Amino acid sequence: MIGRRGLIGLGTVAGVIALWFLLTTLTGIVSGARFPSPSEFWASLVQIWTRGYAGGQLLAHALHSLKLVVMGFLVAIATGIPLGLWMGWSRRAEAAINPVFLVIRPIPPLAWIPLAILWLGLGDAAKIMVIWFSAFVPSVINTFAGVRNIDRPILEAARMLGTPRGRMVTEIIAPAASPLIFTGLRLSLQASWTTLVAAELVGAMVGVGFVLNMAQQDLYPAMILVGMITVGILGWATTVALARVERQALAWNVAARD
Amino acid sequence: MNGAPLSLRETLAWGALGALAFVGFWTLITTSGLVPRQFLPSPLDLVQRFFHLLTSPFAGATLPEHLASSFRRYAFGVLLAAAIGIPLGLLMGWFRLLDDIVTPIFDGLRFIAPIAWVPFAALWFGTGIGGPVMIIFAGAFPPCLINAYRGARFVEPRLIEAARMLGTGNLRMILEILLPAAVPSIVAGLRVSAGLGWQSLVGAELIVAAAGVGFMMVQAQGSVQTTTVMAGMLAIGLVGMLIDILLRQGEAWMRRRRGLDS
């Protein structure tokens, strides 16, 4: 059953919608040029869903953005986790890679956007590159921390049993570090969306950020709101999907099962 | 993991090796002409360009002037986020009803990337100072709120009970019990906020501003000046690092003063 908290939550959401209706449609305190009324919002949603806006229907824009985030995110995982494992495993690798990391890490991922555009243009490749950059750093750092936090006895036991190196990585280190690896992946995913939206706002031909950009130029507040809500829903959906993968992957881990 | 931690000498030696390999490879592919200059400048070109920009203007101002105008917006946005987020977080930690009301709204907004506020920010506050400040605020606000809230929520119950027994009112309870107890958490949140705010600032300036380092980089990108773009990245990275170091020092100082670290 819904508890007190849920009830108040539902009341709040209803209250916000009522306030929105009151301020825009009923009293006109907030003019339509600044924030859309519920009916304008609905009309824009129908427009982009059926006829399309900024060169495509909502679903096409959303799927394109989703595809780029997933691709950039996967490339970042595929490169970041092995590097983090390696840096965690070998003190020498850590010492050698750290200085380069110290230089690259403070540069915000968004600052790579102009360079990515210079190198790869306004197409998908530039976006995947900046997403890769933004998602790469959190996955490396957390994987590294995960490996370093493994209990020594576990490693010594495995080593004593003569576990070969390859199996050591796949069967001991990676699983033992996986809770922290997933923490890194959650951060990476968030960073991926922020970066993608920024990159699409700076320059794109399609995508949710491009919808926002066009709506801004057309001074079309209702469509801006549609774009923002789409960004929120996509971010939420991918976070939920990742959490599901995490639960499956960490099913053995009692601490993560709550 | 692979044996004991390296000695300082070994760490430095491997670090120098790594750095040298990186810079050496970069120098090699750029000076040999394998990668064209306008695609990737050599490290030396980059450093020269950086120092050149310190004194000669690009896109209407020198690099320090661009940085100063960026920093003004940044400080404004982060301070605003702290001024609203910390009190609200403390109040939410004390009044359950407020917590139950704000949390669903906050959770709903959380998934919208701060940068997605750019169009509304431009529409409501213009592209001068108001718009960018709002985007920095959107980036820096959540950690301020969350950490103040957590700090207030996890105060030792005994302190609250003792204060309550002495008849402490709501206002004094928040100011004299919750706030001091939450300070470590709040300071940690501020550090995260400062980082996220700096990141949002760069985004805001790339998209809407008419001055600042981000704007300089967009202008340089428009005229295909890769070296200037990279000098901008370098400046942003350096300032970001400086902010983080200062806040780390502040945090360490605060922890020492409260006897949290021996």
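- An unreviewed UniProt entry lists chain B under the name ABC transporter permease, with Microcystis aeruginosa DA14 as the source organism.
- According to the UniProt record, the Sequence similarities (unreviewed entry) comment for chain B is "Belongs to the binding-protein-dependent transport system permease family."
- In the Subcellular location (unreviewed entry) part of its UniProt record, chain B is described as follows: "Cell membrane".

- Identification of chain A as ABC transporter permease from Microcystis aeruginosa DA14 is taken from an unreviewed UniProt entry.
- Its UniProt record gives chain A a comment under Sequence similarities (unreviewed entry), which states: "Belongs to the binding-protein-dependent transport system permease family."

1. Examining the interface of chain B and chain A
And step 1. Each partner contributes residues to the interface: chain B has 46 residues there, and chain A has 48 residues.
And step 2. Taken together, the elements giving at least two residues each to the side of chain B that touches chain A come down to helix H1 (8-31), helix H4 (96-110), helix H5 (118-153), helix H7 (170-207), helix H8 (213-222) and helix H9 (226-257) of chain B.
And step 3. Counting residues per element, the side of chain B that touches chain A draws most heavily on H9 of chain B, at eight residues.
And step 4. For the side of chain B that touches chain A, the per-class residue count stands at 35 nonpolar, 10 polar and one charged.

2. Some words on the UniProt feature "transmembrane region" (unreviewed entry) in chain B
Residues and elements named next belong to chain B.
And step 1. Per the UniProt annotation, the sites labelled "transmembrane region" (unreviewed entry) are residues 12-35, 74-97, 196-217 and 229-247.
And step 2. Regarding residues 12-35, the helix share stands at 83% and the strand share at 0%, and the terminal C-alpha atoms are separated by 30 Å.
And step 3. Here residues 196-217 is 77% helix and 0% strand, with 19 Å between the C-alpha atoms at its ends.

3. Details of the packing of helix H3 (residues 63-94) of chain B against H7 of chain B
All names here are of chain B.
And step 1. Following both chains from N to C, one finds H3 and H7 inclined at 145 degrees, their axes separated by 7 Å at the closest point. Note on packing geometry: the crossing formed by H3 with H7 is right-handed.
And step 2. By residue class, the composition of the contact of H3 with H7 is 18 nonpolar, six polar and two charged.

4. Remarks on the confidence of the model for chain A
And step 1. Across chain A, the average pLDDT comes to 87, with 97% of residues at or above 70.
And step 2. Taking the mean pLDDT of every element in chain A, the minimum, 83, falls on helix H7 (residues 152-160) of chain A and the maximum, 92, on helix H3 (residues 58-89) of chain A.

5. Things to note about the nonpolar core
And step 1. Among the nonpolar cores identified, the biggest contains 138 residues, and Ile 113 and Val 197 of chain A together with Ala 116 and Val 118 of chain B are the most heavily contacted of them.
And step 2. A per-element tally of this core places H5 of chain B first, with 17 residues.

6. Examining H7 of chain B
And step 1. Across its 38 residues, H7 of chain B extends only 44 Å between first and last C-alpha, which sits more than 12% below the 56 Å expected from 1.5 Å per residue.
And step 2. Along its length, H7 of chain B shows its largest kink, about 55 degrees, at Val 183 of chain B, and proline Pro 184 of chain B lies within four residues downstream of that point.

7. Focus: the domain arrangement of chain A
Interface size is commonly expressed as the accessible surface area that is lost when the partners come together.
Residue and element names in this part refer to chain A.
And step 1. Looking at chain A, the domain boundaries give domain 1 (1-30) and domain 2 (33-249).
And step 2. Every contact between the two is made by five residues of domain 1 and, on the other side, five residues of domain 2.
And step 3. A per-class count over the side of domain 1 that touches domain 2 returns three nonpolar, two polar and no charged.

Cut-off values and rules
Within each chain, residue numbers correspond to sequence positions counted from 1 in written order. Naming scheme: in the order in which they are written, chains are lettered from A and ligands are numbered from 1. Residue-level local features of this predicted model are given only where pLDDT is at least 70; pairs of side-chain atoms are given and counted only at 80 or more, and the full residue set underlies all totals for whole chains, interfaces and linings. UniProt positions are given in the numbering used here, feature names are shortened, and annotations may be inferred rather than shown by experiment. This entry defines residue contacts through backbone-placed C-beta atoms, with two residues in contact when those atoms are within 7 Å. Helix numbers and strand numbers start at the N terminus; a helix is a DSSP run of H or I with at least 4 residues, a strand a run of E with at least 2. In this classification, Asp, Glu, Lys and Arg are treated as charged, Ala, Val, Leu, Ile, Met, Phe, Trp, Tyr, Cys and Pro as nonpolar, and every other residue, Gly included, as polar. Note on method: axes are straight lines fitted to C-alpha atoms, helices fitted across the in-contact stretch only, with angles between N-to-C directions ranging 0 to 180 degrees. Here a crossing is called left-handed whenever its near helix is offset anticlockwise from the far helix by less than a right angle, and right-handed whenever the offset is clockwise. One confidence number per residue, pLDDT, is output by the predictor and ranges from 0 to 100. For the purposes of this analysis, a nonpolar core is taken to be any set of buried Ala, Val, Leu, Ile, Met, Phe, Trp, Tyr and Cys residues that are connected through C-beta atoms within 7 Å. Whether a residue is buried, exposed or partly exposed is read from the other C-beta atoms within 10 Å of its own C-beta, which are placed from the backbone; 20 or more gives buried, 12 or fewer gives exposed, and intermediate counts give partly exposed. Take the number of residues in a helix, subtract one, and multiply by 1.5 Å to get its expected span. A residue's bend is simply the angle between two axes: one fitted to the seven residues ending at it, one to the seven starting at it. Domain delimitation follows an automatic or database domain assignment.

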